[in-house]
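A closer look at the structure
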Amino acid sequence: MARIVSEKTLQATKSKESRKNYIKNNFILYLFLVPAVVLVFIFNYIPMYGVTIAFKDFSPIKGIMGSEWIGFDHFTNFLQSPNFQQIFMNTIKLSAFELLIGFPIPIILALMLNQLRRAKVKKNIQLIIYAPYFLSTVVISGMLFIFLSPAGPINEFLTLFQDEHVSFMTDPSYFRSVFIASSVWQVAGFSSIIYVAALSNVDPQLHDAATIDGASLLQRIIHIDLQVLKPTIAVLFILAVGGIMGVGFEKAYLLQTDMNLPASEIIDTYVYKRGLQAGDWSFGAAVGLFNSVISLLLLIVANTVVKKLNGETLY
C-alpha cells in the first residue's frame, strides 16, 4: 500500500515538474495572454462590485459606498409583486419553447447540408440560410410589423380563406409564435455552421462501409453522423440551458406593444423599464441579479445531467 502511495506521489511530482518546465520553455507565448487577461479583469470582474447596489437603497449622489444597506428588501419586493408570476413564466415559456424548437433545427440543417454532394449547390444554400443572421434585430422587427400588420401580405393571403384579419402583433396569444419563428429563421442557419464543421471530421470510408453492409441513409446518420456530433451537441446544449433566462431583450422590447404586454413582458424588459426608465437602479439590479443566479443554477444542473448521461461536460 505504501509503495502504491509513493508511486502516485512520484508521478504527481514529475507531472508538476514537467508542467513548470513547459511554462518556462514557452514563457514568451504566455505573455500574449496578458492583454486579454487584463482586459477581462478590468471590464468583467471589477464592474462586479457594482452588483452591491442590489442590496442597497442606491443614490447616485451618495454613491455605492455611501448608499444605505437594506439587504434583500428589493428581492422580496420583486418576489411579492403582483406581476412577478406573469413576468417569470413569460420568460421561462419563451426561453423553453425557443430551446425545444430552435435547438434541434441547426442540427437537422447540418445533417441535410452534409448529404449534398454538389459543392456549388451546397454553398448557395448555405448563403441563403446564413444571410438572415446578418440582419439587425431592428430590421427583423420592422419586417415583422410590416408583413404581419392587418394590411400586410400575410393577412392579405389569409383573407383568401377567412373574412377577418389576424392581429398577430397585438394579440398576446400570437406573440410567442411570432417571436420563436422569427428567431429560428434568423439564427438557425448560422448556428448550423459549427455542426457542419464537426461533420467534416467524419471519415467517408465509414459511410462507404455502412452502405456496403446495407445500412440505410437514416441508419448512417444515426450511427455515424450523430455519434460524431454528440460531444458538440452536449456542450452547446449546456450553454443553451445556461442562457435560458437570457431571452433576447432587443427583439422582445421591439415587438412589445401595449396590447401584447401580458405575453411579451419578460424579466429583461422589466429590468430595463424599472431600472433605467423609472430610475430605480437598485431594484433593477436586484431583478437582474436574480435572473443571473437562476441562469447559473440551470447551467450547473444541465452540466451535471449531461455529464451523467453522455460524459461530456464544461468543467
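In what follows, the structure referred to is the one given above.
1. Considerations on the overall build of the protein
Broken down by element type, the protein carries 18 helices and 2 strands. At 26 Å, the protein has a C-alpha radius of gyration far larger than the 20 Å of a compact globule built from 315 residues. Each principal axis of the C-alpha atoms in the protein carries an extent, and together these give about 75 × 65 × 40 Å. Taking all 315 residues of the protein together, 31% fall into the buried category. Of the contacts formed within the protein by residues at least 6 apart in sequence, a portion of 65% connects residues at least 24 apart. As displayed, the protein offers around 19,900 Å² of accessible surface, 68% of which is attributable to carbon and sulfur atoms. Positive and negative charge centroids in the protein, built from 23 and 20 side chains respectively, lie 15 Å apart.

2. Things to note about the packing of helix α6 (residues 84-102) against helix α7 (residues 104-114)
Working note: a packed helix pair is described by the angle between its axes plus the distance between those axes. In the contact formed by α6 and α7, the axes pass within 5 Å of each other and the chain directions differ by 15°. When the axis of α6 is compared with that of α7, the two are roughly parallel. On α7, the residues touching L99, L100, I101 and G102 of α6 are P104, I105 and P106. Of the residues contributing to the contact of α6 with α7, the split by class is 6 nonpolar, 1 polar and no charged.

3. Some details on the pattern of salt bridges
Summed over the entire model, instances satisfying the criterion amount to 2 salt bridges. Residue E265 pairs with K273 through a salt bridge whose shortest N-O separation is 3.4 Å. Given a relative accessible area of 9%, E265 falls into the buried group. As a salt-bridge pair, D280 and R274 come within 3.0 Å of each other at their nearest N and O atoms. Looking at D280, the relative accessible area reads 25%, which means it is partly exposed.

4. Focus on the packing of α7 against helix α11 (residues 172-191)
Packing of α7 against α11 leaves a shortest axis separation of 8 Å and a crossing angle of 50°. In terms of axis orientation, α7 runs oblique to α11. Crossing handedness for the pair α7 and α11: right-handed. Contact with α7, carried on its side by I105, P106 and L109, involves V184, A188, G189 and S191 of α11 and no other residues of that element. Looking at the contact of α7 with α11 residue by residue, the classes come out as 5 nonpolar, 2 polar and no charged.

5. Focus on the packing of aromatic side chains
One pass over the structure, following the stated rule, counts 22 aromatic pairs. Their ring planes at 10° and their centres at 5.9 Å tell us that F55 and W69 sit as a pair that is stacked. Taken together, the residues F55 in the loop between α3 (33-45) and β1 (56-57) and W69 in strand β2 (residues 68-69) connect sequence positions 14 residues apart. For F55, a relative accessible area of 16% translates into the label buried. Classification of W69 as exposed rests on a relative accessible area of 54%. Arranged with centres 5.5 Å apart and planes meeting at 70°, the rings of F103 and F237 form a pair that is edge-to-face. Within this pair, whereas F103 is found in the loop between α6 and α7, its partner F237 is found in helix α14 (residues 217-242), the two being separated by 134 residues in sequence. Look at F103 and you get buried, because its relative accessible area is 15%. Residue class for F237 comes out partly exposed when judged on its relative accessible area of 31%. When the ring centre of F179 is taken as origin, the NZ or CZ atom of K251, which lies over that ring, is 5.7 Å away.

6. What about the nonpolar core?
Membership of the largest hydrophobic core comes to 34 residues, with the highest contact counts inside it found for F78, I107, Y195 and L229. Among the elements of the structure, α5 (73-79), α6, α7, α8 (119-130), α12 (193-199), α14, α17 (267-277) and α18 (281-310) are those that each provide at least two residues to this core. Filtering out sequence-adjacent residues up to four positions away, Y195 remains in contact with F103, P106, I107, A110, L229, T232, I233 and L236. By size, the runner-up hydrophobic cluster in this structure holds 18 residues, among which are I140, V166, M169 and V184.

7. Things to note about the side chain of N155
On the secondary structure map, N155 appears in helix α10 (residues 153-158). Taking relative accessible area as the criterion, N155 reaches 0% and is therefore assigned buried. At a separation of 2.7 Å, a polar atom in the side chain of N155 contacts the main-chain amide nitrogen of V166. Here N155 is in contact with L148, S149, P150, H165, V166 and F168, once residues within four sequence places are set aside.

8. What to know about the side chain of S295
For S295, the position within the fold is in helix α18. A distance of 3.1 Å separates the side chain of S295 from the backbone oxygen of N291, its partner in a polar contact. Contact partners of S295, with chain neighbours within four places excluded, come to G242 and M245.

9. Some words on the environment of G243
Examined against the element boundaries, G243 turns out to sit in the loop between α14 and α15 (249-254). Taking the C-alpha atoms as reference points, G243 and S295, 52 residues apart in sequence, are found 6.1 Å from one another.

Calculation criteria
Residues numbered from 1 in each chain as written. Predicted model: local features only at pLDDT ≥ 70, side-chain atom pairs only at ≥ 80, totals over all residues. Heavy atoms only, no water. Helix = DSSP H or I, 4+ residues; strand = E, 2+ residues; numbered from the N terminus. Rg over C-alpha atoms; globule rule 2.2 N^0.38 Å. Buried < 20%, exposed > 50% of the residue type's maximum accessible area, 1.4 Å probe, protein only. Contact = heavy atoms within 4.5 Å. Areas by Shrake-Rupley, 256 points an atom, 1.4 Å probe, with all protein chains shown as cover. Lys, Arg positive; Asp, Glu negative; His and termini not counted. Charge placed at Lys NZ, Arg CZ, Asp CG, Glu CD. Axes fitted to C-alpha atoms, helices over the stretch in contact; angles between N-to-C directions. Parallel < 35°, antiparallel > 145°, perpendicular 65-115°, else oblique. Nonpolar A, V, L, I, M, F, W, Y, C, P; charged D, E, K, R; others polar. Salt bridge = Lys/Arg side-chain N within 4 Å of Asp/Glu carboxyl O. Left-handed = near helix turned anticlockwise from the far one by under 90°. Phe/Tyr/Trp six-rings, centres within 6.5 Å; stacked < 30°, edge-to-face > 60°. Lys NZ or Arg CZ within 6 Å of the ring centre and 35° of its normal. Core = buried A, V, L, I, M, F, W, Y, C linked by side-chain atoms within 4.5 Å. Polar contact = N/O pair within 3.5 Å; in protein donor to acceptor, adjacent residues only side chain to side chain.

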